[in-house]
Amino acid sequence: MFYTYGTTIAICVCSQSKRLEGGTMKTQISLTVTLITGLMIVAPALAWERGRVEISPYVAYALGGSFDDFYSYNGNEYYGNVDLDDGTQLGVRMGIGVARGIGIEFQAAYMPTAFYADRDESFFGGSSRKITDVDLTIFQGSLMIDMARGPVIPYMGMGIGSTTFNMDHGDDSTRFTASLAGGFKFRINSHLSFRTEIRGYGIWIDEGNNCYDDYDCDDDQYLRILESSFGLSVKI
């Protein structure tokens, strides 16, 4: 089997060295080869190509992480966790190929969610309590690398950017964010593919006063978010 820019040519070499009894196995093998060859012919690779633009709207479900904090009240410090609630994320990615199989992609995403306090000892009474609603706005640039060519393309990506916390109570805050991703593209036609991806974010929460709202963080740490997304990729 030979590959030439996404088109597959199947060459069958027949041998009389061994005869399959009853023809059943030969029929099964023939049908399998025919099916695979047909798929390869009608589904050339939809990979990054130099200068080609790709737009990918998507929807994702994100699992919110947590980080340690403390609150100072009347001279006493109360320790616990702050949890980011799970939520739905809407976004779009736009990329351009810089080489065959390699692209640079820019992402903008929005996720409405909330912060919850989960404390063992605090003036909140030791129970989980909603602190504030918060909207996350994520902007990132990512290096995307295709791992193979064909009707199904596995890929990986590495990104850096920022996440802005827009809180109902407290000042807005923008934090450095890094991410790692892996996913698959399934070709529908020469310009359209279905895309599914898993991406993990690390959002830097720095040590010091008012790391979010009126709360303080006792160490530099990362708020981790894990999301699973699906959408369409349109190559133009």
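These numbers come from a predicted model, not from an experiment.

Novice: Hey, could you run me through the overall build of the protein in this one?
Specialist: Counting secondary structure elements, the protein contains one helix and 14 strands. For the protein, buried positions account for 38% of its 236 residues. In the protein, the proportion of contacts linking residues at least 24 apart, taken out of those at least 6 apart, comes to 64%. Working note: accessible area of the protein is about 13,100 Å², and carbon and sulfur atoms make up 59% of it.

Novice: Is there a simple way to think about the side chain of Thr-132 in this case?
Specialist: Relative to the assigned elements, Thr-132 resides in strand β8 (residues 129-146). Overall, Thr-132 belongs to the buried group, its relative accessible area being 1%. Side-chain polar atoms of Thr-132 contact the backbone nitrogen of Asp-168, separated by 3.4 Å. Beyond its immediate stretch of four places on either side in the chain, Thr-132 contacts Ala-114, Phe-115, Met-167, Asp-168 and His-169.

Novice: Where do I start with the confidence of the model for the protein in this structure?
Specialist: For residues with low pLDDT, the predicted coordinates do not support detailed interpretation. On average, the protein scores 77 in pLDDT, and the residues at 70 or more come to 64%. Taken as a whole, residues 35-45 scores under 50 in pLDDT and shows 17 contacts with residues more than four places along the chain or in a different chain.

Novice: Would you take a moment to explain the pattern of salt bridges for this structure?
Specialist: Side chains that differ in sign of charge can pair as their charged atoms come close. For the coordinates displayed, the defined rule picks out nine salt bridges. Of the charged contacts in the structure, one is a salt bridge between Glu-49 and Arg-52, with a shortest N-O distance of 3.8 Å. Residue Glu-49 is classed as partly exposed on the basis of its relative accessible area, which comes to 32%.

Novice: Would you take a moment to explain a nonpolar patch on the surface for this structure?
Specialist: Taken together, the side chains of Val-152, Phe-184, Phe-186, Ile-188, Phe-194, Phe-230 and Leu-232 present a nonpolar region at the surface, about 600 Å² in accessible area. For the nonpolar patch, the secondary structure elements donating two or more residues are β10 (173-187) and β14 (221-235). When you line up the elements, Ile-188 lands in the loop between β10 and β11 (192-205).

Novice: What is the right way to look at the nonpolar core in this model?
Specialist: With 21 residues, the main nonpolar core has Leu-84, Phe-115, Val-134, Leu-136, Phe-165, Leu-223 and Ile-225 as its most contacted residues. Within the residue set of this core, elements represented by two or more residues are β3 (53-63), β5 (76-84), β7 (102-119), β8, β9 (152-167), β11 and β14. Beyond its immediate sequence surroundings of up to four residues, Leu-84 is in contact with Gly-64, Gly-65, Thr-113, Ala-114, Phe-115, Val-134, Leu-136, Leu-223 and Ile-225.

Novice: Sorry, what's going on with the packing of aromatic side chains here?
Specialist: By the definition in use, this model includes three aromatic pairs. Their ring planes at 40° and their centres at 6.3 Å tell us that Phe-186 and Phe-194 sit as a pair that is tilted. Residue Phe-186 is classed as partly exposed on the basis of its relative accessible area, which comes to 33%. According to the relative accessible area criterion, Phe-194 is partly exposed, its value standing at 32%. Through a chain of ring-to-ring contacts, three or more aromatic side chains come together here, namely Phe-184, Phe-186 and Phe-194. Above the face of the Tyr-155 ring, Lys-185 is positioned so that its terminal group lies 5.6 Å from the ring centre.

Novice: What's the story with the environment of Ser-229 in this structure? I'm lost.
Specialist: In this fold, Ser-229 is placed in strand β14. With a relative accessible area of 3%, Ser-229 lands in the buried category. As a C-alpha pair, Ser-229 and Glu-197 span 32 residues in sequence and 5.2 Å in three-dimensional space. Not counting residues within four places of it along the chain, the set of residues in contact with Ser-229 comprises Tyr-58, Val-59, Ala-60, Arg-93, Arg-195, Thr-196 and Glu-197.

Novice: Sorry, what's going on with the pairing of β9 here?
Specialist: Strand residues, when the strand is regular, have side chains that alternate between the two faces of the sheet. Examined bridge by bridge, β8 and β9 share 13 bridges and lie antiparallel to one another. Residue Ser-142 lies in a different strand from β9, and its bridge partner there is Gly-159. Taking the residues between adjacent antiparallel strands as the criterion, β8 and β9 are bridged by five residues, where Gly-150 takes a positive phi near 150°. Direction of pairing for β9 relative to β10: antiparallel, over a ladder of 14 bridges. What sits directly across from Thr-164, in β10, is Thr-174.

Novice: Can you walk me through the side chain of Thr-164 in this structure?
Specialist: Tracing the backbone shows Thr-164 in strand β9. Looking at Thr-164, its side chain comes within polar contact range of the side chain of Thr-174, at 3.0 Å. Excluding residues that lie within four positions of it along the chain, Thr-164 makes contacts with Asp-135, Leu-136, Thr-137, Ser-173 and Thr-174.

Conventions and cut-offs
Residues numbered from 1 in each chain as written. Predicted model: local features only at pLDDT ≥ 70, side-chain atom pairs only at ≥ 80, totals over all residues. Heavy atoms only, no water. Helix = DSSP H or I, 4+ residues; strand = E, 2+ residues; numbered from the N terminus. Buried < 20%, exposed > 50% of the residue type's maximum accessible area, 1.4 Å probe, protein only. Contact = heavy atoms within 4.5 Å. Areas by Shrake-Rupley, 256 points an atom, 1.4 Å probe, with all protein chains shown as cover. Polar contact = N/O pair within 3.5 Å; in protein donor to acceptor, adjacent residues only side chain to side chain. pLDDT = per-residue confidence, 0-100. Salt bridge = Lys/Arg side-chain N within 4 Å of Asp/Glu carboxyl O. Patch = residues over 30% accessible without salt bridge, like charges linked within 9 Å, V, L, I, M, F, W, Y side chains within 5 Å. Core = buried A, V, L, I, M, F, W, Y, C linked by side-chain atoms within 4.5 Å. Phe/Tyr/Trp six-rings, centres within 6.5 Å; stacked < 30°, edge-to-face > 60°. Lys NZ or Arg CZ within 6 Å of the ring centre and 35° of its normal. Pairing = 2+ DSSP bridges.

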